[in-house]
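Overview (structure and organization)
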Amino acid sequence: MVTELDVVQDCISNRLPKEVEGVSWFVGIVGDRPSQYAKSPVIWNPTLKKFDLDAFYVAFDVEESRLGALLKALSAHPQLLGFNVTVPYKVKIIPLLDEVEPKAGRIGAVNTVVRDADGRLVGCNTDGQGGIDSITQIQPGENEAFLPDLKGASALLIGAGGAAAALAHYLNEATEGQTLYIANR
């Protein structure tokens, strides 16, 4: 008998860990080889365990030609809550999703996908807000935020990759359209 996990396994090049079979829920990261470089499983699995959450974080190494099949398999899996997206699929995944939140559509990149109750995959982008929050919110070990807000500030963004594109959109809003400088190699 072929299980839903078998269908997912057929789409990826790495082996699914045995732990995913014994949990009620799973989440993960989709990319070309996240099992080799992503820190997310190492961070999230101990966290899920510490808080007694019946879930497991999985890396999905997928070749571009199998990305559509993987998304179909994941959307059909009732235990999947969602997944992160990493290189090189933050842009390529968009036409394969059932829905893309408007801001992620304007950014043109998705880094998080949520599976809704109907199995629909909805893409969003958390990179920009995360960057803004790291500047304007008090961080662990600090007594105050680096800057309380960015209204009227000019900004220098170093880098122009996928996360930088998202941050540029958010910086434009937060600085109320002041000058945004972008430096890239």
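Everything below is about the structure shown above.
First things first, this report covers the structure right here in the doc. (Residues numbered from 1 in each chain as written. Predicted model: local features only at pLDDT ≥ 70, side-chain atom pairs only at ≥ 80, totals over all residues. Heavy atoms only, no water.)

By size, the foremost hydrophobic cluster in this structure holds 28 residues, and its most contacted members are Val30, Phe60, Leu70, Leu74 and Phe83. Elements supplying a minimum of two residues to this core: α1 (4–11), β1 (25–31), β2 (55–61), α4 (67–76) and β3 (80–85). For this core, the element with the most residues is α4, which contributes five residues. Filtering out sequence-adjacent residues up to four positions away, Val30 remains in contact with Phe60, Val62, Leu67, Leu70, Leu74, Phe83, Asn84, Val85, Thr86 and Tyr89. Ranked by size, the runner-up nonpolar core spans 12 residues in total, among them Ile107, Ala155, Ala166 and Leu167. (Core = buried A, V, L, I, M, F, W, Y, C linked by side-chain atoms within 4.5 Å. Buried < 20%, exposed > 50% of the residue type's maximum accessible area, 1.4 Å probe, protein only. Helix = DSSP H or I, 4+ residues; strand = E, 2+ residues; numbered from the N terminus. Contact = heavy atoms within 4.5 Å.)

One pass over the full model with this rule turns up six salt bridges. The salt bridge involving Glu64 is made with Lys92; its shortest N-O contact spans 3.3 Å. Residue Glu64 is located in the loop between β2 and α4, and its partner Lys92 is located in the loop between β3 and β4 (99–100); the two are separated by 28 residues in the primary sequence. You can call Lys92 partly exposed: its relative accessible area is 37%. One salt bridge in this structure joins Asp127 and Lys90, with 3.2 Å as the shortest N-O distance. Placement of the pair is Asp127 in helix α6 (residues 127–136) and Lys90 in the loop between β3 and β4, with a sequence separation of 37 residues. The same class applies to Asp127 and to Lys90, which are both buried. (Salt bridge = Lys/Arg side-chain N within 4 Å of Asp/Glu carboxyl O.)

Read these as geometric descriptors, not functional statements.
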